[in-house]
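# Structural overview for review
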Amino acid sequence: LRDARAASSLVPPVSKGEVFYRKPEETLAFPVHAKTLIDVLDWHTNQQPDRTHVYVYENNGAAVEISYARLQERAKAVAAGLQRETLRAGQSVALMLPTGKDYLFSFFGILMAGGVPVPIYPPARISQIEEHLRRHVKILDNARARILITIPEAKRVARLLQSNLPHLHRLATVEDLSAHEITGGLPSRRPGDIAFLQYTSGSTGDPKGVILTHANLLANIRAMVRRARVTSHDTFVSWLPLYHDMGLIGTWFGSLYIGAQLVLLSPLSFLSKPARWLWAIHRHRGTLTASPNFGYELCRRKITDAELEGLDLSSLRMALNGAEPVSAKTLTEFNQRFARYGLDKSALTPVYGLAEATLGVAIPPPGHPVVIDRVRRDIFMDSGRAETAAAEDVNALQWVGCGYPLHGEQVRIIDATGTEVPERQEGRLELKGPSATTGYFHNPEASRLLFRHDDWLDTGDRGYTADGEVFITGRDKDVIVRGGRNILPYELDEAVGQITGIRKGCVASFGSREEHLETERLVIVAETHETEPTKLARLHRDIVDTTVDILSVPPDDVVLVPPHTIPKTSSGKLRRTTTRQLYEEGRLGHKRTVRWQIARVIAAGIVPRLRAELRRVGSILYSAYARTLFHLLAGLACIAVLLLPTLPWRWRWVRAEARLLARLTGNQISVVGAEQLPRDQAFVLASNHQSYLDSFVLAIAIPIPLRFVAKSELLKNVLVRFPLRRLGTLFVRRFEVQQSAEDAERLVDVTRKGNSLAFFPEGTFHRESGLLPFHMGAFVAAAQAGIPIVPVTIRGTRLLLRDDSWRIYPGAVRVLIGSPLQPKGSDWKAALDLKNATRKAILEHCGEPDLATD
């Protein structure tokens, strides 16, 4: 962390010299038919592989150019590394990386490998390391993250996380993962698949993982670029961290989709010298940018005139302001300060969005003037009615318009009874549309509360509409009820932050309820560098006077605390609920040493690790027991198969022993669709192949005698050759029936005599999840014999016993028997049609990606 801070402080500002940008001569098309983010990248790589997609400014101040082809190439290298780590489709991979090229490569690498990215933020303050790690433990535990990708310098912090998370098996860097080549096909992704989990910043409680699918993302991106009229001519300049939705979706994914160029600065670089952001806009002739309100406030207050000499912001057409309450004062004063540097007064654009809606909900069109609605304070606080205030009313509340709902998104304001209210009446804001999440990951209760009114998503925000425009007044949980009046804390926070000696942006007002009181106590917590009693007493009086001026009532308690006491989210928002909890528990301002915090984190990880070790030992003992039992029963089965005189007797014995093995090992095998099996004619059974256990499972699931078809290579194994032959197994050369007329005739002959065949058309199986390409043998045999194919899907055996492993795990197996598929002829086309229909039926139920490349 110290090294990272030191490096950021040495980053030179973006050159004030020659303007540096490259624009296409004409507006480029964009992937309107793409269904996933991977489709978007593939489209641009095919259409314009060498065009620069991103300029990433690194610690030496130089910009690294990344083309679409380079992004795809390096992402595939990361995907190859994840394949070697046996990442399964749908498993979560955490990203704890700073903004940079490795982040870009890793995110798409995880998607290509079939995983689900989980962005988390690196620790910002070493003094709050315990609180940071505990929050991340909650995130990674909820996400069931199996792998964490980070930088070498952060591995020590990552190991502390790992000590509390038994399921976090691997810590890796991008370099670790990129040292391999792809060994197999990459899984396909569908619009409804989870694209990533966006964990809420947790300003009002524990973080929750918002499920965002590819369909959600593309719907929201398309709506935003349509409203903002973004084209490939645009250049987006951003310092926003990529672990936050505004930086990840709004800047990167939006630029990727439309083909606009993106300029990325390090957030640490911006915070240490805010002028770098503005000079990057100047140098690249940036047309779009975005920041929470505090970013604009930081530029307004911290940048000196000397740093701005020669600056030209005239290229900027939209500077989005969102992700936290938008201050009318900041908008006005930022415009006044930077108008002399070419900033168009209509460029500053307040917007509204939230992670549960993917990102954007309301955005004004370009050139729309900022609307600051001045309303009567007394009426608004008493009834929530936003009645326009007189021009001379100095106590008026000011709310900033955030534009109009995006195309396809619906917004409504409701009261406490769930009834929609008219314009200019404040209430709770709800929305619905294609961008809305389906819920929170592994959190059914929170998901239920999210959709408490049918299919309307409860944002948790309060606001009103006027002339169709959305005005946000605050979070519902933040409202303080005092003497029957609703007090919104944001204006009070801002006013107290203006007091000399109080740290601006570091004030938290909240209501604290006590059991013996019928109303909430108004508490104000403010950070200050002052330590002298007389100066602290003065600040206390100033805060009380300011509160009385605004609310006409004094606060019940004022708490002055040292800097960095008030918890904040990764995007800089106050964590008001956590601050209130610390206050009520008497722990506000009680800081422990870093060593003590780390010791507590390590101690907290001992119990989970001990449990994990006990589970590991138990798993080893179970595996040894299951393998011993398997070998004993297999030996008995071989003897019985060799001695019993008829094939039906032999199969009954094998089926009984397979059932006994499942019962003694505690594995449940359920069968669905047994009634689909033809009883009056022979058929060909075609099943997916996941494990060595599949034949035993089919022996239990299928009550009709079957003759399995196997590769002739098995004849070389003396131990299995005779038992398999006694069970009626048919051996074919290399399993490709069309290459051996003799084998084909033999199989057709067997079926015509009334024998049903069982095939695994994949021919083999891998450790990794996914349905491999099918060989044609089973389908040629069925077509030529004129008998149906019965598609069978096995789920669960890959988890019980994986390829290249003899470790056996307990679990549940499910066998789904599909409807018989009749051949429509006896030629090659009929066999091909059977194969495609069988593959489709199995893919619908196997829960694994399609790895076919033909």
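Structure's up top.
Here we summarise the structure given alongside this text. Since we're looking at a predicted model, the values are computed, not measured.

## Section: empty space enclosed by the protein
Going through the model one piece at a time under the given rule, you end up with four cavities of 30 Å³ or more. Quantified by volume, the largest cavity comes out at close to 230 Å³. Considering the residues around the largest cavity, the lining is formed by 16 residues, among which Leu661, Ala662, Thr665, Asn667 and Leu693 are closest to the centre. Those elements giving two or more residues to the lining of the largest cavity turn out to be α19 (594-643), α20 (647-664) and α21 (694-701). Across the lining of the largest cavity, the residue classes break down as 14 nonpolar, two polar and no charged.

## Some thoughts on the sheet that holds strand β13 (residues 348-350)
With mixed pairing, seven strands are arranged side by side in an open sheet as β2-β1-β10-β9-β11-β12-β13. Across the chains shown, the open sheet's two edge strands, defined by having one partner strand only, are β2 (63-67) and β13. For this sheet, the mean inter-axis angle between neighbouring strands, taken without regard to orientation, is 20°. Judged from the three bridges that link them, strand β1 (residues 52-57) and strand β10 (residues 261-264) form a sheet pairing that is parallel. Following the sheet pairing, valine 54 is matched in β10 by leucine 262.

## Comments concerning the sheet that holds strand β33 (residues 789-795)
Remark on secondary structure: sheet strands pair via backbone hydrogen bonds, oriented parallel or antiparallel. Taken in spatial order, the seven strands of this open sheet run β28-β34-β33-β29-β32-β30-β31, and their pairing is mixed. Edge positions in the open sheet fall to β28 (668-672) and β31 (730-732), since each of these has one partner strand only. Direction aside, neighbouring strands of the sheet carry axes that sit 25° apart on average. Relative to strand β34 (residues 812-817), β33 runs antiparallel, the two sharing four bridges. Bridging from a neighbouring strand, valine 792 pairs with isoleucine 817 of β34. Those strands touched by helix α26 (residues 828-846) are β29 (684-687), β33 and β34, and its axis lies near 25° from that of β33.

## Regarding the packing of aromatic side chains
Applying the stated criterion to the full structure yields 25 aromatic pairs. Note on phenylalanine 107 and tryptophan 252: the rings are 5.9 Å apart at their centroids and 75° apart in plane angle, and the pair reads as edge-to-face. Highlighted residues: phenylalanine 107 in helix α4 (residues 101-112) and tryptophan 252 in helix α9 (residues 245-258), separated in sequence by 145 residues. The pair phenylalanine 107 / tryptophan 252 is uniform in exposure class, with both members buried. Pairing phenylalanine 334 with phenylalanine 338 gives two aromatic rings, centres 4.5 Å apart and planes at 40°, and the pair type is tilted. Here the residue phenylalanine 334 and the residue phenylalanine 338 both occupy positions in helix α13 (residues 328-338), the gap between them amounting to four residues, near one helical turn. On the basis of relative accessibility, which here comes to 3%, the residue phenylalanine 334 falls in the buried class. With a relative accessible area of 0%, phenylalanine 338 lands in the buried category. When the ring centre of tyrosine 440 is taken as origin, the NZ or CZ atom of lysine 208, which lies over that ring, is 5.4 Å away.

Parameters at a glance
- Residues numbered from 1 in each chain as written.
- Predicted model: local features only at pLDDT ≥ 70, side-chain atom pairs only at ≥ 80, totals over all residues.
- Heavy atoms only, no water.
- 1 Å grid on protein atoms, 1.4 Å probe; cavity = no way out; pocket = protein on both sides within 12 Å on 5 of 7 lines; lining within 4 Å.
- Points joined across faces, edges and corners; volume = space filled by probe spheres on them.
- Helix = DSSP H or I, 4+ residues; strand = E, 2+ residues; numbered from the N terminus.
- Nonpolar A, V, L, I, M, F, W, Y, C, P; charged D, E, K, R; others polar.
- Pairing = 2+ DSSP bridges.
- Axes fitted to C-alpha atoms, helices over the stretch in contact; angles between N-to-C directions.
- Contact = heavy atoms within 4.5 Å.
- Phe/Tyr/Trp six-rings, centres within 6.5 Å; stacked < 30°, edge-to-face > 60°.
- Buried < 20%, exposed > 50% of the residue type's maximum accessible area, 1.4 Å probe, protein only.
- Lys NZ or Arg CZ within 6 Å of the ring centre and 35° of its normal.

From the geometry alone we can't say anything about function, so treat these as descriptive.
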